[in-house]
Amino acid sequence: MAEAIDIRELNHRIEQQSTFVTNLVTGMDQVIVGQKHLVDTLLISLLSDGHILLEGVPGLAKTLAIKTLSQLIDARYSRIQFTPDLLPADVVGTMIYSQKDENFQVKKGPVFANFVLADEINRAPAKVQSALLEAMQEHQVTIGEKTFLLPNPFLVMATQNPIEQEGTYQLPEAQVDRFMLKVVIGYPSLEEEKLIIRSNLAGLRKEVRPVTTAEEILQAREVVNQVYIDEKIEQYIADIVFATRYPDRYQLSHLKDMITFGGSPRASINLAKAARAYAFIKHRGYVVPEDVRAVAHDVLRHRIGLSYEAEASQITAEEIVSQVINKVEVP
């Protein structure tokens, strides 16, 4: 009974605290046509203090989405165009000699922002990728002998183009694992496409005004951390991740030869965090199995290693996650 009262109180608090989510979604909808899933996943990574990797062909509003989000939150935004000749100093910053002061001064790089768009991350060499990924993981950057903390909130949205792989440096599995979510963006529907054409030809560009602050986002994160996860839901999350490692234990023995490695403990943590944030977005103080299922593909698709047999049979990580979700018993 006491637990039920706590949940009721938590629900009431979350309904009050999550009103800015509706304002953010409304603001995004004024600028971006469709792409509901993209907007939801951006909010999930923002509320969970995670980073997001977007995969999609050019022209699907990936850049526009993060720019609009930063404008709605009154936060600093920077964009880094990744190219083969980029250096780590171009991302994190460097020491510059000042003749006037006769000493070296720190020049901070574009990574010192609340929202960083790493455009076409797979175009830059491994050295640059690792410099950004270190900043993502540690939330700090070392330039010379000094260490600088990155601003809070700090969200990296990296994009990669799946159709053009010539002259690209594929992200290693261990580095891709640093991203909380990997989201695959699809084309808009026919009706959405017509709306996009109409609004662009008419030159309709909505002016975006801030609807919340960085401080409010940080407060919301604390509330998200209080969203209730029952032991049965914890078990469900662990079962889903374990089924990607040991499919034969979950009557999925036909997948055993298809998977070289399954989700790491980071997958379980991020699945729980993302499910919490999704419940918060839905103005709920507790996680239900549907929340876990809603975020499972985005959390797991980049954390499953496919064998040669899977590639020969044209089986994707997407299909493996779907089979796991359909097989693991729902509490």
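Draft legend 1. Examining the overall build of the chain more closely. Scanning the chain for helices and strands turns up 14 helices and eleven strands. For 331 residues, the compact-globule formula gives about 20 Å, and the C-alpha radius of gyration of the chain, at 21 Å, lands near that figure. Dimensions of the chain, computed from the C-alpha atoms along their principal axes, are close to 70 × 50 × 50 Å. In the chain, buried positions account for 48% of the 331 residues. For the chain, the share of sequence-separated contacts (at least 6 apart) that also reach a separation of at least 24 residues comes to 79%. Of the roughly 17,000 Å² of accessible surface on the chain, a fraction of 49% belongs to carbon and sulfur atoms. Of note, the chain has its 34 positive side-chain charges centred 3 Å away from the centre of its 43 negative side-chain charges.

Draft legend 2. View of the pattern of salt bridges. Using the criterion set out here, one finds twelve salt bridges in the structure. A salt bridge links R266 to D177, with the nearest nitrogen and oxygen atoms 3.2 Å apart. Here R266, found in helix α11 (residues 265–281), pairs with D177, found in the loop between α7 (173–176) and β9 (181–184); they are 89 residues apart in sequence, far enough to count as distant. Under the relative-accessibility criterion, D177 is labelled buried at 12%.

Draft legend 3. Highlighting the packing of aromatic side chains. Taken as a whole and assessed by the stated rule, the structure comprises four aromatic pairs. A centroid spacing of 6.4 Å and a plane angle of 50° characterise the contact between F20 and F280, whose relative ring orientation is tilted. With F20 in helix α2 (residues 19–31) and F280 in helix α11, this pair connects stretches of sequence that are 260 residues apart. Owing to a relative accessible area of 3%, F20 belongs among the buried residues under this scheme. Judged by its relative accessible area of 0%, F280 falls in the buried class. Note on F112 and F148: the rings are 6.3 Å apart at their centroids and 85° apart in plane angle, and the pair reads as edge-to-face. You can see F112 sitting in the loop between β4 (103–108) and β5 (115–119) and its partner F148 sitting in strand β7 (residues 146–149), a full 36 residues away along the chain. Taken individually, F112 and F148 each receive the classification buried, so the pair is uniform in this respect. Against the face of F242 rests R245, its NZ or CZ located 4.8 Å from the ring centre.

Draft legend 4. Representation of the pairing of β4. Taken together, the six bridges between strand β3 (residues 93–98) and β4 define a ladder with antiparallel strand orientation. Paired with I96 across the two strands is Q105, which belongs to β4. Taking the residues that link successive antiparallel strands as the turn, the β3-β4 hairpin has four residues, and the phi of E102 there is positive, at about 55°.

Draft legend 5. Here's a closer look at the side chain of T68. The topology assignment puts T68 in helix α4 (residues 62–72). In this structure, T68 is in contact with G27, M28, V31 and V208, ignoring residues within four places of it in sequence.

Draft legend 6. Structural detail: the side chain of N11. Here N11 shows up in helix α1 (residues 2–17). Among all residues touching N11, those that are not within four sequence positions of it are H283, R284, G285 and Y286.

Draft legend 7. Representation of helix α6 (residues 126–138) within the structure. Taking 1.5 Å per residue, 13 residues should reach 18 Å; α6 reaches 18 Å between its end C-alpha atoms and fits that length. Considered for burial, the residues of α6 that qualify are V128, Q129, A131, L132, L133, A135 and M136. The inward-facing, buried residues of α6 abut α5 (88–92), β5, β6 (140–143), β8 (155–160) and α7. A positive phi of about 60° marks H139, the residue just after α6.

Rules behind the numbers
Residues numbered from 1 in each chain as written. Predicted model: local features only at pLDDT ≥ 70, side-chain atom pairs only at ≥ 80, totals over all residues. Heavy atoms only, no water. Helix = DSSP H or I, 4+ residues; strand = E, 2+ residues; numbered from the N terminus. Rg over C-alpha atoms; globule rule 2.2 N^0.38 Å. Buried < 20%, exposed > 50% of the residue type's maximum accessible area, 1.4 Å probe, protein only. Contact = heavy atoms within 4.5 Å. Areas by Shrake-Rupley, 256 points an atom, 1.4 Å probe, with all protein chains shown as cover. Lys, Arg positive; Asp, Glu negative; His and termini not counted. Charge placed at Lys NZ, Arg CZ, Asp CG, Glu CD. Salt bridge = Lys/Arg side-chain N within 4 Å of Asp/Glu carboxyl O. Phe/Tyr/Trp six-rings, centres within 6.5 Å; stacked < 30°, edge-to-face > 60°. Lys NZ or Arg CZ within 6 Å of the ring centre and 35° of its normal. Pairing = 2+ DSSP bridges. Expected span 1.5 Å × (residues − 1).

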